[in-house]
Amino acid sequence: MMQMVSFLMILVLMGCASPSPGFLGAARQDVTVEGMRFAVYARATEAQVIRLDRMRRPDRGHVAPRMLRAAEQATGCRAIPDSLIPVGGTDSAVGKVGLRCPP
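Let me sum up the structure you'll find in this document.

Basis of the calculations
Residues numbered from 1 in each chain as written. Predicted model: local features only at pLDDT ≥ 70, side-chain atom pairs only at ≥ 80, totals over all residues. Heavy atoms only, no water. Helix = DSSP H or I, 4+ residues; strand = E, 2+ residues; numbered from the N terminus. Buried < 20%, exposed > 50% of the residue type's maximum accessible area, 1.4 Å probe, protein only. Areas by Shrake-Rupley, 256 points an atom, 1.4 Å probe, with all protein chains shown as cover. Core = buried A, V, L, I, M, F, W, Y, C linked by side-chain atoms within 4.5 Å.

1. With respect to the overall build of the protein chain
Move 1: Along its length, the protein chain carries 2 helices and 6 strands.
Move 2: Each helix and strand of the protein chain, placed in order from N terminus to C terminus, yields the pattern α-β-β-β-α-β-β-β.
Move 3: Looking at the 103 residues of the protein chain, the share that counts as buried comes to 31%.
Move 4: Accessible surface computed for the protein chain: about 6,800 Å², of which carbon and sulfur atoms make up 59%.

2. What to know about unusual backbone geometry
Among all residues save glycine, negative phi is the norm, and among peptide bonds the norm is trans.
Move 1: Phi is positive for Glu34, which is not a glycine, with a value near 50 degrees.
Move 2: Overall, the relative accessible area of 54% leaves Glu34 in the exposed class.

3. Here's the deal with the nonpolar core
Move 1: If you look at the biggest cluster of nonpolar residues, it comprises 16 residues, and the most contacted ones within it are Phe38, Val40, Val49 and Ala70.
Move 2: Looking at this core, the elements with two or more residues in it are strand S1 (28-33), strand S2 (36-43), strand S3 (46-51), helix H2 (63-75) and strand S6 (94-100).
Move 3: The biggest single contributor to this core is H2, with 5 residues.

Here it is in structure tokens:
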């Protein structure tokens, strides 16, 4: 029984920074923006950004701009202003960002 609980905990922790189905197979790039760590998965003209750190309530307003910068750092593309869409609600640790990449 204890082995089963340990196995389930490992599965739960592994899923924390996994991309959504639309980004499966995309390479993961880890970046840090102003001390906050993110995993970024990019495909064509969009990226999925996953916040890896815990966050205090007062810091929530700083996450969106950092997610945009994380997408830019990881991809070398420009994030489209106001393109961030939280996946799972406004306080989600996951967002999709539209990108403008050089030709």
